[in-house]
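Chain residues, written in single-letter form:
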Number of protein chains: 2
Amino acid sequence: MNEEPRFLRDEKLKTPRITRRSATEATLQPLQLGKRVRAIRLSQKLTLEEASQRTGVARSTLSKIENELISPTFTIVQKLVHGLGIDIPQLFSQPRAGATPGGRRDITRRGAGKPHPTPTYAHELLATELTQKKMVPFRTEVHARDFAEYPEWIRHEGEEFLFVLSGTLLLYTEFYEPVELQEGDSAYYDCTMGHALVSTSARDAEVLWVTA
Amino acid sequence: MNEEPRFLRDEKLKTPRITRRSATEATLQPLQLGKRVRAIRLSQKLTLEEASQRTGVARSTLSKIENELISPTFTIVQKLVHGLGIDIPQLFSQPRAGATPGGRRDITRRGAGKPHPTPTYAHELLATELTQKKMVPFRTEVHARDFAEYPEWIRHEGEEFLFVLSGTLLLYTEFYEPVELQEGDSAYYDCTMGHALVSTSARDAEVLWVTA
DNA sequence: CAACAGTGTTTCCTATAGGCAACAAAATCG
DNA sequence: CGATTTTGTTGCCTATAGGAAACACTGTTG
C-alpha cells in the first residue's frame, strides 16, 4: 500500500501538467543532499533522535531527507546547518572525496568576478570557480559615505585582510579609533570585531578583501 | 551575538517565522535570503519574469521568496543558485556564536611592510605585528624575467591568492599552461602545485599575495 | 487619454514538506 | 530466549510551498 517515492513519480510520468517553461534547469545536478547529511550525522556518531534534538527537526523528517524522499525547506536546512555545525560549502559542493585538494587553479580576469551588491558595498567575488577554498577574495567598491549608513556593526567569523586599491577611506573598528587608509595601505583584523568602511575620496574607494 | 550573514547588514525585519512545535529553539535567525536574492537579481538588471525563465521558478514564487513570504525548498534554492549564478556558499552560513576572541587589528602603511628579498622576488610582508594569523599577506615585486631563473618549482603547503597591482606577468603552474595576467587580474591556486611568476612588462610587475 | 504592454503582487488551488504516531528491525536487558 | 528499549522507516494528516492566473500599477504609444 505504499506509493513510489514522490520525486521518482515526478520524474517518470509527470508530463501532463507541464510547467517547465525553460530548459535552464535541465542540467541541474542531483546533488545528493541526503547522503551528505547522513554522512555528516554518522561522522558525528549521532542517531536520528539525537540529531533531531540538536536541530529541532523531527526524526521522521530527518529520515526522509537522508533518503532523498523530500526536498527540505530552507528553514530546515538552516536548522541542520546550525544544529550539526555543518559547513555549508560542503553541502553545496560535490563529493570531492580526496583529502587536501591537489592542483587546482582559478584565474579571474579584471571585472570578471561575480557581483554581489549591498547598500553600502559593491562586491565582486573572485575565484568563484573553486568551491572548497580557505580564503574568499573579493574586490569591493565602497559606496558608503557616512558611518551612519551602517545600522550596526558588520561582524562575522574569521579574519580579514584588506588592501586599498584606489581612493581613500576610513576604517571604523569597534575597539579602535577610526583610521584613514590611502592607496596601498592595508589592514588585518578579526572579523568578530565590528567593522565598517566609508569612502572619503572624490571617487568611491576600491579595496581588495580576503576573508579566511 | 553575531548572527549577521557575511556580507549582509540590513534593516531589521520582523517575521522570524515561528515553529510552534519545536519550542526547544525559540528563535531562528532571520537570514534574509529574500533580500539577498532581490539584490542579486536587481544587480543583474533582471525582471522577475527574466529571472523566472533563467531559473525555472515561477514569477510568483520568486516574488514571495524575495518578500520573505515563504521559505523556499532546497531544490528551489538550487535553481536560484544555478540560474542566477549565485556562488558564495558561505553567504548562507550562519556564523556560529563561536568563542573566537580577538579584537585585533594591524594597519600597514604603504611601503611600511617588512622587506624580504629573494633573487627573483622582492617581498614586503604586511601585517607583521600580528603573529597568530590565518593568512599571510605580502606585496611583491617580481624581478624574475625568465622562467629559467627558477632552479625548480616553488612549492609549499596551503593555498594562495594573488592579485596583480601593476604591470603584466606570466603565471607558470605545474599542471597548466602559463597564463598572462594583467593589472587587476587575479588567481587562486593550491601551493602544493609548483608555481612561479615572471614579469613581462617594462617595469617589474607588482602583485599582492595572500597565503593561507 | 484610451488601449496596451510590461512590471511586481496577490489569490486560488494542488502538490508536497514536516510533524506525530505507529511500525519493524536490531540491540539490550531480564 | 521473551521482554523492553532503541534504532530507522513508513502512514497519516495538517501546514505550507509553488504554479497559473487574476490583479493592481506604471509606463508607452497612438
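All values reported here derive from a predicted model rather than from experimental measurement. (Residues numbered from 1 in each chain as written. Chains lettered and ligands numbered in written order. Predicted model: local features only at pLDDT ≥ 70, side-chain atom pairs only at ≥ 80, totals over all residues. Heavy atoms only, no water.)

Some thoughts on the overall build of chain A
Counted only if it meets this: The way it works is that DSSP assigns letters per residue, a run of H or I at least four long becomes a helix, a run of E at least two long becomes a strand, and they are numbered from the N terminus. Each residue is assigned to one of three classes by its accessible area relative to the maximum for its type, calculated with a 1.4 Å probe on protein chains only: buried under 20%, partly exposed between the two thresholds, exposed over 50%. Contacts are residue-level and defined by heavy atoms, with any inter-residue pair within 4.5 Å sufficient. For the accessible areas, the method is Shrake-Rupley and the probe is 1.4 Å, while residue cover comes only from the protein chains on display.
Looking only at helices and strands, chain A features six helices and 10 strands. Taken across its 212 residues, chain A has 49% of its residues classed as buried. Long-range pairs, those at least 24 residues apart, make up 59% of the contacts in chain A between residues at least 6 apart in sequence. Put simply, chain A shows about 10,600 Å² of open surface, and 50% of that area lies on carbon and sulfur atoms.

Observations regarding the protein's contact with DNA strand C
Basically, it comes down to this: Whether a residue is near a molecule or strand is decided by its heavy atoms; if any one of them lies within 4 Å of it, the residue is near. Each polar contact in these results corresponds to two N or O atoms within 3.5 Å; when the atoms are within protein, one needs to be able to donate a hydrogen and the other to accept it, and residues that are neighboring in sequence are counted only if both atoms are side-chain atoms.
In the vicinity of DNA strand C there are 24 residues, among which Ser60, Thr61, Lys64 and Thr73 of chain A together with Leu48 of chain B approach most closely. Sugar and phosphate atoms represent 64% of those atoms of DNA strand C found within 4 Å of the protein. At a separation of 3.1 Å, a phosphate oxygen of DNA strand C approaches a polar side-chain atom of Arg38 of chain B. At 3.3 Å from a phosphate oxygen of DNA strand C is found a side-chain nitrogen or oxygen belonging to Thr47 of chain B. Residue assignment for the surface near DNA strand C shows that the elements contributing at least two residues are helix 1 (6–13) and helix 4 (59–66) of chain A together with helix 1 (33–43) and helix 3 (59–66) of chain B.

Things to note about helix 4 (residues 74–84) of chain B
For helix 4 of chain B, a buried count of nine out of 11 residues is recorded, marking the element as mostly surrounded by other parts of the structure. When we look at burial in helix 4 of chain B, the residues that qualify are Phe74, Ile76, Val77, Gln78, Lys79, Leu80, Val81, Gly83 and Leu84 of chain B.

So, the pattern of salt bridges
For the record, the criterion: For salt bridges, the criterion is a side-chain nitrogen of Lys or Arg within 4 Å of an Asp or Glu carboxyl oxygen.
Inspection of the entire model under this criterion finds 18 salt bridges over all chains. A salt bridge links Asp185 of chain A to Arg109 of chain B; the shortest N-O distance between them is 2.7 Å. Here Arg109 of chain B lies in the loop between strand 1 (105–108) and strand 2 (114–117) and Asp185 of chain A lies in the loop between strand 7 (176–181) and strand 8 (186–190), a pairing that spans two chains.

Concerning the sheet that holds strand 1 of chain B
Basically, it comes down to this: A strand pair is defined by DSSP finding two or more bridges across the two strands. In this analysis an axis means a line fitted to C-alpha atoms, helices contributing only their contacting stretch, and an angle means the value between N-to-C directions, from 0 to 180 degrees.
Overall, antiparallel pairing links the seven strands, which are arranged 2(A)-3(A)-4(A)-10(A)-5(A)-8(A)-1(B) in an open sheet. Edge strands, defined here as strands with exactly one partner in the open sheet, are strand 2 (114–117) of chain A together with strand 1 of chain B. Averaged over all pairs of adjacent strands, the angle between their axes in this sheet comes to 20°, without regard to strand direction. Bridge analysis of strand 2 of chain A against strand 3 (residues 121–125) of chain A gives four bridges, and the strand direction is antiparallel. Each bridged residue has a counterpart across the sheet, and for Lys114 of chain A the counterpart in strand 3 of chain A is Leu125 of chain A.

A closer look at unusual backbone geometry
In terms of backbone geometry, most residues other than glycine have negative phi values and most peptide bonds are trans. Residues and elements named next belong to chain A. One non-glycine residue, Glu68, lies in the positive phi region at around 60°. Of note, Glu68 is situated in the loop between helix 4 and helix 5 (74–84). We classify Glu68 as partly exposed; its relative accessible area is 23%.

Description of the pairing of strand 3 (residues 121–125) of chain B
Residue and element names in this part refer to chain B. The antiparallel hairpin formed by strand 2 and strand 3 contains three residues in its connecting segment. The sheet contact formed by strand 3 and strand 4 (residues 136–142) spans five bridges and is antiparallel. When the sheet's bridge partners are listed, Leu125 is paired in strand 4 with Phe138.

Considerations on the side chain of Glu66 of chain A
If you trace the backbone, Glu66 of chain A turns up in helix 4. Sequence-distant contacts of Glu66 of chain A, that is, excluding residues within four places in its chain, are made with Gly34, Lys35, Val37, Arg38, Arg41 and Leu48 of chain A.

Structural notes on the packing of aromatic side chains
The condition is simple: Two rings from Phe, Tyr or Trp (for Trp, the six-membered ring) form a pair when their centres are within 6.5 Å of each other. A pair whose planes differ by under 30 degrees is stacked, one over 60 is edge-to-face, and the rest are tilted.
Scanning all chains against the criterion turns up 14 aromatic pairs over all chains. Between Phe147 of chain A and Trp153 of chain A the ring centres are 5.3 Å apart and the planes differ by 50°, which places this aromatic pair in the tilted class. Between the aromatic rings of Tyr121 of chain B and Trp209 of chain B, the centroid separation amounts to 5.3 Å while the plane-to-plane angle is 85°, which identifies the pairing as edge-to-face. In this pair, Tyr121 of chain B sits in strand 3 while Trp209 of chain B sits in strand 10 (residues 206–211), placing the two residues 88 residues apart along the sequence.

Observations regarding the sheet that holds strand 7 (residues 176–181) of chain B
Backbone hydrogen bonds are what pair the strands of a sheet, in a parallel or an antiparallel way. Residues and elements named next belong to chain B. If you trace the three strands from one edge of the open sheet to the other, you get 7-6-9, paired in antiparallel fashion. Two strands close off the open sheet at either side, each with one partner strand: strand 7 and strand 9 (195–199). When strand polarity is set aside, the average angle formed by the axes of neighbouring strands in this sheet is 20°. In terms of strand pairing, strand 6 (residues 169–173) meets strand 9 through five bridges, oriented antiparallel. Following the sheet pairing, Thr173 is matched in strand 9 by His195.

So, helix 5 of chain A
Looking at helix 5 of chain A, one finds that the buried residues are Phe74, Thr75, Ile76, Val77, Gln78, Lys79, Leu80, Val81 and Leu84 of chain A. Positive phi appears at Gly85 of chain A, one or two residues downstream of helix 5 of chain A, with a value of about 65°.

Some remarks on the environment of Leu33 of chain A
Residue and element names in this part refer to chain A. Structurally, Leu33 is set in helix 2 (residues 33–43). Given a relative accessible area of 5%, Leu33 falls into the buried group. Distance from Leu33 to Ile65, taken between C-alpha atoms, is 7.9 Å for residues 32 residues apart in sequence.

Details of the environment of Glu66 of chain B
Classification of Glu66 of chain B as buried rests on a relative accessible area of 4%. Taking the C-alpha atoms as reference points, Glu66 of chain B and Val37 of chain B, 29 residues apart in sequence, are found 6.3 Å from one another.

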